[in-house]
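In case you want the letters, here they are:
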Amino acid sequence: MAKNGVKGKGRRGAVKNCTQTYNPKNKLYIKRDTKTGLFMGAKTSGGKFKGVTTES
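A brief look at the structure comes next.

## Some words on the overall build of the protein
Moving on, step 1. Looking only at helices and strands, one finds zero helices and six strands in the protein.
Moving on, step 2. When the helices and strands of the protein are placed in sequence order, the string is β-β-β-β-β-β.
Moving on, step 3. Dimensions of the protein, computed from C-alpha atoms along their principal axes, come out at roughly 35 × 25 × 20 Å.
Moving on, step 4. Going through the 56 residues of the protein one by one, you find that 20% of them count as buried.
Moving on, step 5. Approximately 4,500 Å² of the protein is accessible, and the part contributed by carbon and sulfur atoms is 52%.

This is the structure we're talking about:
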């Protein structure tokens, strides 16, 4: 699990065990569990999730 570092320094490490992919139908990024393949959530505020690997 990634952790937020000292204030002003940003995130420490990458988020493990999940990836993100873009859904062109609703124009949102969806976070997915790499072990089970189940969708975990969508980012509704625009842009990508921070520290999560993007699928191609």
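## Considerations on the side chain of glutamine 20
Moving on, step 1. Relative to the helices and strands, glutamine 20 resides in strand β3 (residues 18-23).
Moving on, step 2. On the basis of relative accessibility, which here comes to 1%, the residue glutamine 20 falls in the buried class.
Moving on, step 3. A polar atom in the side chain of glutamine 20 sits 3.1 Å from the side chain of threonine 54.
Moving on, step 4. Setting aside residues no more than four positions away along its own chain, glutamine 20 makes contact with Tyr29, Ile30, Lys31, Lys48, Phe49, Val52, Thr53, Thr54 and Glu55.

## So, the pairing of β3
Moving on, step 1. Where β3 and strand β4 (residues 28-33) come together, six bridges link them in antiparallel fashion. Note that in β4 the partner of threonine 19 across the bridge is arginine 32.
Moving on, step 2. Hairpin remark: β3 followed by β4, antiparallel, with four residues in the connecting loop; positive phi at lysine 27, about 60°.
Moving on, step 3. One ladder, built from two bridges, connects β3 with strand β6 (residues 53-54); its direction is parallel. Paired with threonine 19 across the bridge in β6 is threonine 53.

Analysis parameters
- Residues numbered from 1 in each chain as written.
- Predicted model: local features only at pLDDT ≥ 70, side-chain atom pairs only at ≥ 80, totals over all residues.
- Heavy atoms only, no water.
- Helix = DSSP H or I, 4+ residues; strand = E, 2+ residues; numbered from the N terminus.
- Buried < 20%, exposed > 50% of the residue type's maximum accessible area, 1.4 Å probe, protein only.
- Areas by Shrake-Rupley, 256 points an atom, 1.4 Å probe, with all protein chains shown as cover.
- Polar contact = N/O pair within 3.5 Å; in protein donor to acceptor, adjacent residues only side chain to side chain.
- Contact = heavy atoms within 4.5 Å.
- Pairing = 2+ DSSP bridges.

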